[in-house]
Amino acid sequence: MTDVATPPLPKMPTVRSVSFQDLRDVLQLGWQDFRRAPGYGLFFGSFFAFGGMILWLLLSRWDMPWLMLPLAMGFPLIGPFVAAGLYEVSRQLARGEKLRAGHVLGVMFAQRKRELGWMAFVTLFIFWVWVYQVRLLLAVIMGRMSFSTMPQFMELVFSTSEGWTFLLIGTCVGAALSLVLFASTVASIPLLLDRERDFITALITSWQVVLRNPGPMLAWGVMVTALVMIGIGTFFLGLIVVLPVLGHATWHLYERTVAPAAPGER
């Protein structure tokens, strides 16, 4: 009987250390990329800014403005996935290639046939869990309270013991979900866009990046969340600039935390 040689398993990507100075550097690089290709940044940023406005108006019309708060808090969870187009722009700029809208959009649409689609499923699933746990906590803790507008909801949250309990538990649960998803996506989505790897390898690599650099990566997650919340606080208009700059910066952070592919590696 002839032995069949088993092909060797692909080597795991090499993870590198980064410092807090690297965070400052990648933000500067993200701003530079935005200034070099403002049209792309404004397109992607405007898409989600106006999407947020429309969502707010719809929830207000449906008498569900309270749902905007958990949706806004959960918005950073899906940020890395929706920034895939910005990653491609930064990649082309670094290579000195001429930017073409058709190519950038084509790369984005092509991801539906690659492993990035699985990451989209993971991201949206956790986001869905986040929204439903908020509704569950709302029903259990504040079920007897009535409110139909955002000001009424905010007043109950910050002026009653039930509201503070809801806020405390919801924040802890949301922080845990955010940490899990952040560690799962911060490097995995750029990696899957950059190379032909399976999403399990990408997930493991992303967690390795966070575990090797806990301080800088935690600071990065807090910084991203804070900037996105500031953008949302301007009735989403700030997202027009905040999202593209963070998207470009995340790509540069990925390049610093994950070593380039070895020769022959796809």
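Residues numbered from 1 in each chain as written. Predicted model: local features only at pLDDT ≥ 70, side-chain atom pairs only at ≥ 80, totals over all residues. Heavy atoms only, no water.

Our focus in this paragraph is the environment of Asp 22. Along the chain, Asp 22 falls in helix H1 (residues 20–36). With 234 residues separating them along the chain, Asp 22 and Arg 256 place their C-alpha atoms 8.1 Å apart. (Helix = DSSP H or I, 4+ residues; strand = E, 2+ residues; numbered from the N terminus.)

This paragraph deals with the packing of helix H11 (residues 214–233) against helix H12 (residues 239–257). Between H11 and H12, the least distance of the axes is 9 Å, while the angle of their chain directions is 165°. One finds that H11 runs roughly antiparallel with respect to H12. The chirality of how H11 crosses H12 is left-handed. Along its contact with H11, which presents Met 217, Trp 220, Val 224, Leu 227, Val 228, Gly 231 and Ile 232, the element H12 presents Leu 239, Val 242, Leu 246, Ala 249, Thr 250 and Leu 253. Its residues assigned to classes, the contact of H11 with H12 comprises 11 nonpolar, 2 polar and no charged. (Axes fitted to C-alpha atoms, helices over the stretch in contact; angles between N-to-C directions. Parallel < 35°, antiparallel > 145°, perpendicular 65-115°, else oblique. Left-handed = near helix turned anticlockwise from the far one by under 90°. Contact = heavy atoms within 4.5 Å. Nonpolar A, V, L, I, M, F, W, Y, C, P; charged D, E, K, R; others polar.)

A word on the pattern of salt bridges. Close approach of charged atoms allows side chains with opposite charge to pair. Overall, the coordinates contain 6 salt bridges when judged by the stated rule. It is possible to trace a salt-bridge network through shared partners that takes in Glu 88, Arg 91, Asp 194 and Arg 195. (Salt bridge = Lys/Arg side-chain N within 4 Å of Asp/Glu carboxyl O.)

Packed helices, taken two at a time, are described by the angle their axes make and the gap between the axes. At a closest axis distance of 9 Å, the pairing of H1 and H11 adopts a crossing angle of 40°. Accordingly, the angle class assigned to the pair H1 and H11 is oblique. Here the hand of the crossing between H1 and H11 comes out right-handed. Taken together, the residues of H11 that come into contact with H1 (itself represented by Phe 20, Leu 23, Val 26 and Leu 27) are Gly 215, Pro 216, Ala 219, Trp 220 and Met 223. When the residues that make up the contact of H1 with H11 are grouped by side-chain class, the tally is 8 nonpolar, 1 polar and no charged.

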